[in-house]
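Descriptive structure summary
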Amino acid sequence: MRLDPPAPLSRRAWLGQAALGLATLVAGRRLAALPPAAKPVMVVYKDPECGCCTKWNDHMKAAGFTLQVKDTHDLATVKASVGVPARLQSCHTGVVGGYFVEGHVPADLVTKLLREKPAIAGLAVPGMPAGSPGMEGPPPERYDVLAVGRDGSVRVYASRVGRAA
């Protein structure tokens, strides 16, 4: 098979291609120089002795969240003040972007929440399901992340299968 060499570019075409290449290079450098979109600071309320809460905090930090951790023995007051229904409570409560994040909610779902901004009060993973972030270990369980409406309604936001340690 014989390939003919490409036809030479006219001066005008060559200059046009060169200008396009330069513009692409400049735009690419400008985009690379921009800082990544910062996630808002999450305030996390937890019991000072809770190990799984610390592991969940590590999970959130690894996903790029900045945390302001507040140890307290009065979590019931915190949960009531941000609107976490008693039946959906877990061991720690985060507050970020006007939402509560109750329990072992995966970081990617918190990111999705902040990006999509649904008209809800927050997300909750009731209890402490095995395999959820911060609770890694056998046997991993299937669990639901619940969206809690401002009116107290509850629906499944996402379902997950936990991970083993």
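Within each chain, residue numbers correspond to sequence positions counted from 1 in written order. Confidence filtering applies because this is a predicted model: local features only for residues at pLDDT of at least 70, side-chain atom pairs given and counted only at 80 or more, and all residues used for totals across whole chains, interfaces and linings. In computing side-chain properties, one takes all heavy atoms of the structure into account and sets aside hydrogens as well as water.

Some points on the side chain of K46
Definition in use: For helices the rule is a DSSP run of H or I covering at least 4 residues; for strands it is a run of E covering at least 2, with both sets numbered from the N terminus onward. In this scheme, a residue with accessible area under 20% of its type's maximum is buried, one over 50% is exposed, and one in between is partly exposed, where area comes from a 1.4 Å probe on protein chains only. For this analysis, residues touch if any pair of their heavy atoms sits within 4.5 Å.
By the element assignment, K46 lies in strand β1 (residues 42-46). Overall, the relative accessible area of 5% leaves K46 in the buried class. In this structure, K46 is in contact with C53, T54, N57, V69, K70, D71, T72, L75 and H92, ignoring residues within four places of it in sequence.

Regarding the environment of V96
The topology assignment puts V96 in strand β3 (residues 92-96). Note: C-alpha distance between V96 and G122 (26 residues apart in sequence) is 9.3 Å. When neighbours within four sequence positions are excluded, V96 is seen to be in contact with P40, V41, M42, V101, V110 and L114.

Considerations on the pairing of β3
Condition: Paired strands, in this sense, are two strands between which DSSP finds at least two bridges.
Counting buried positions along β3 gives four out of five residues, so the element sits mostly inside the fold. Where β1 and β3 come together, four bridges link them in antiparallel fashion. Counted as the bridge partner of V43 is V95 from β3. Summarising the sheet, β3 and strand β4 (residues 99-103) pair through four bridges and their orientation is antiparallel. Bridged to V96 within β4 is Y99.

So, the environment of K70
Position of K70 relative to the elements: it lies in strand β2 (residues 67-71). Between the C-alpha atom of K70 and that of D47, which follows or precedes it by 23 residues, the distance is 8.5 Å. If sequence neighbours within four positions are ignored, K70 has contacts with V43, V44, Y45 and K46.

Points about unusual backbone geometry
Omega for the peptide link from P138 to P139 comes to -20°, which places this bond in the cis form. Examined against the element boundaries, P139 turns out to sit in the loop between β5 (122-125) and β6 (142-148). Non-glycine residue K117 carries a positive phi angle of around 50°. Take K117: it is sitting in the loop between α4 (107-116) and β5.

Side note on helix α2 (residues 51-62)
How we decide: Expected helix span is given by 1.5 Å per residue-to-residue step, counting one fewer step than there are residues. The reported arc concerns the directions from the helix axis to the C-beta atoms and nothing else.
The terminal C-alpha atoms of α2 lie 17 Å apart, and with 12 residues this matches the ideal 16 Å at 1.5 Å per residue to within 8%. For α2, the complete set of buried residues consists of C52, C53, W56, N57 and M60. Axial view of α2: buried residues confined to an arc of 150°, hence all on one face. Residues of α2 that are exposed and angled more than 90 degrees away from the buried face: K55 and A62. Where α2 is buried, its residues touch β1, β2, β3, β4 and α4.

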